Amino acid sequence: MKISVIVPVYHCEEFLPACIDSILRQTYKNLEIILVDDGGKDGSGAICDTYAAADSRIRVIHQANQGVSAARNAGIEASTGEMITFVDSDDTIEPDMYEVLAKLAQEHQADIAHCGYRKVHFDGSTKDVLGTGILLVQDPWEASECLLTGKHFTGSPCTKLYRKDLFSDIRFDTELKINEDVLMNVEVFQKAQKLVFLDVPKYCYYEREQSATRVTNRLKIKRDCVAASQRMLDLYQGTPLEQACAGRLHYSLLDLYREGLLRDASGTRAERKALRPQVKAVAKIIHGGDRRSRWNYRFMRYLPWLYVLVYRVFDKIRKPNIDL
């Protein structure tokens, strides 16, 4: 079974060799490594070509800059493996990652096998997310609910090994700068028959100053979270995923309001006003218009700045151990 590893590459010459080397060190050898040079102006493209000349498993696609989603889509279209996966060009993977995932997929006859990850902070310290060691064999509904709520695992495509034909009519949304991976995964999960998850950290995610979420406008990030969540609710309203989709949209709307529109100078009063009935409507799906939901809405509407301060205190107290 051949695995196609898709690596979108953009302005990462400092970190790219370590990334590629970690893929080449895999104990699972039947790999096709597709490096998609997304039109950067540094030496990343030349590094890709050097590696391709030294290892026949590596292919390079050079394209004009279109963003990480377009680069991943180009890799999907060029891939020839039975299974596909993704690695970000400034991250690394453990030597046995694909051997472990391929074995899981084969043993459980699963369409998707995935694992946990290790977060490497700016100061070099690490944290396993979540690192419980549990093994979950799930149907698409169970797995999608975990994905949407952040329970057990996240939406990153880099921790997942997919059967390629799941992508026959699905691609990453190139208009979204965040949560495009969650949106894609929910759609792909729903096409799978069985998924298996082993919560051991085999992927190493590095915090970087120039990551997409750090250099993209705050409001763009918040609005994209809302757009992706709304798409998911539109797709799965009336299904077992409705509550999870509505919960994610509710959180995204509140986050846009308190962390975006109230803190960014370009956020307008008109947009804040338009957001309130959306919050109220989605809250009814989740809570049925209960007392807590009504008070939360009133607090947000009439005392917005106090609402933000209270939320921040609460968020520090209940800070989760997993990234949504």
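Just above, that's the structure.
Here we summarise the structure given alongside this text. These figures come from a predicted structure and were not determined experimentally.

Reading guide: rules and limits
Residues numbered from 1 in each chain as written. Predicted model: local features only at pLDDT ≥ 70, side-chain atom pairs only at ≥ 80, totals over all residues. Heavy atoms only, no water. Buried < 20%, exposed > 50% of the residue type's maximum accessible area, 1.4 Å probe, protein only. Helix = DSSP H or I, 4+ residues; strand = E, 2+ residues; numbered from the N terminus. Contact = heavy atoms within 4.5 Å. 1 Å grid on protein atoms, 1.4 Å probe; cavity = no way out; pocket = protein on both sides within 12 Å on 5 of 7 lines; lining within 4 Å. Points joined across faces, edges and corners; volume = space filled by probe spheres on them. Core = buried A, V, L, I, M, F, W, Y, C linked by side-chain atoms within 4.5 Å. Axes fitted to C-alpha atoms, helices over the stretch in contact; angles between N-to-C directions. Parallel < 35°, antiparallel > 145°, perpendicular 65-115°, else oblique. Left-handed = near helix turned anticlockwise from the far one by under 90°. Nonpolar A, V, L, I, M, F, W, Y, C, P; charged D, E, K, R; others polar. Pairing = 2+ DSSP bridges. Right-handed = clockwise from strand over helix to strand, strands pointing away. Salt bridge = Lys/Arg side-chain N within 4 Å of Asp/Glu carboxyl O.

1. Some words on helix α3 (residues 68-78)
- Across the 11 residues that make up α3, a large majority, 9, are buried.
- Taken as a whole, α3 has its buried residues at Ser69, Ala70, Ala71, Arg72, Asn73, Ala74, Gly75, Ile76 and Ala78.
- Those residues of α3 hidden inside the fold are in contact with β1 (3-9), β2 (31-37), β3 (58-62), β4 (83-86) and α6 (180-191).

2. Some thoughts on empty space enclosed by the protein
- Scanning all chains against the criterion turns up 1 cavity of 30 Å³ or more.
- Here the largest cavity defines a volume of roughly 60 Å³.
- Sorting the residues of the lining of the largest cavity by element identifies β6 (112-120) and β10 (195-206) as the ones contributing at least two each.
- Ranked by residue count, the leading element in the lining of the largest cavity is β6, at 4 residues.

3. A closer look at the nonpolar core
- Formed by 87 residues in total, the largest nonpolar core has its most connected members in Ile3, Ile23, Phe86, Val87, Tyr98 and Phe167.
- Here this core takes 8 residues from helix α9 (residues 242-261), the largest share from any one element.
- Apart from residues lying up to four places away in sequence, valine 87 is in contact with Val5, Ile6, Val7, Pro8, Cys19, Ile23, Ile93, Tyr98, Cys158 and Tyr203.

4. Some thoughts on the packing of α6 against helix α8 (residues 218-236)
- Viewed as axis vectors pointing N to C, α6 and α8 meet at an angle of 20 degrees, and their least axial separation amounts to 9 Å. In terms of their interaxial angle, α6 and α8 are classed as roughly parallel. The handedness of the crossing between α6 and α8 comes out as right-handed. Contacts between α6 and α8 involve Val182, Leu183, Val186, Glu187 and Gln190 on the former and, on the latter, Ala228, Arg231, Met232, Leu235 and Tyr236.
- Class assignment of the residues belonging to the contact of α6 with α8 gives a composition of 7 nonpolar, 1 polar and 2 charged.

5. Observations concerning the pairing of strand β8 (residues 135-138)
- Across the two faces of β8 the burial differs, with Leu136 and Gln138 buried and Leu135 and Val137 not buried at all.
- Judged from the 4 bridges that link them, β8 and β10 form a sheet pairing that is antiparallel. Its bridge partner lying in β10, valine 137 is registered against valine 196.

6. Re the pairing of β1
- When you tally the buried positions in β1, you get 7 out of 7 residues, the bulk of the element.
- Where β1 meets β2, 7 bridges bridge the pair, whose relative direction is parallel. Residue pairing in the sheet places valine 9 in a bridge with aspartate 37 of β2.
- As a crossover connection, the stretch from β1 through helix α1 (residues 16-24) into β2 is right-handed.
- Pairing of β1 with β4 involves 4 bridges; the strand directions are parallel. Considered in β4, the bridge of serine 4 is made with isoleucine 84.

7. Structural notes on the pattern of salt bridges
- All told, the structure shown has 16 salt bridges when counted by the stated rule.
- Close ionic contact of lysine 202 with aspartate 96 constitutes a salt bridge, the shortest N to O distance being 3.1 Å. Here aspartate 96 lies in the loop between β5 (92-93) and α4 (97-107) and lysine 202 lies in strand β10, a separation of 106 residues in the sequence.
- When its relative accessible area of 16% is taken as the criterion, lysine 202 is described as buried.
- On the basis of relative accessibility, which here comes to 25%, the residue aspartate 96 falls in the partly exposed class.
- Via salt bridges that share partners, Arg72, Asp88 and Glu180 belong to a single interconnected network.

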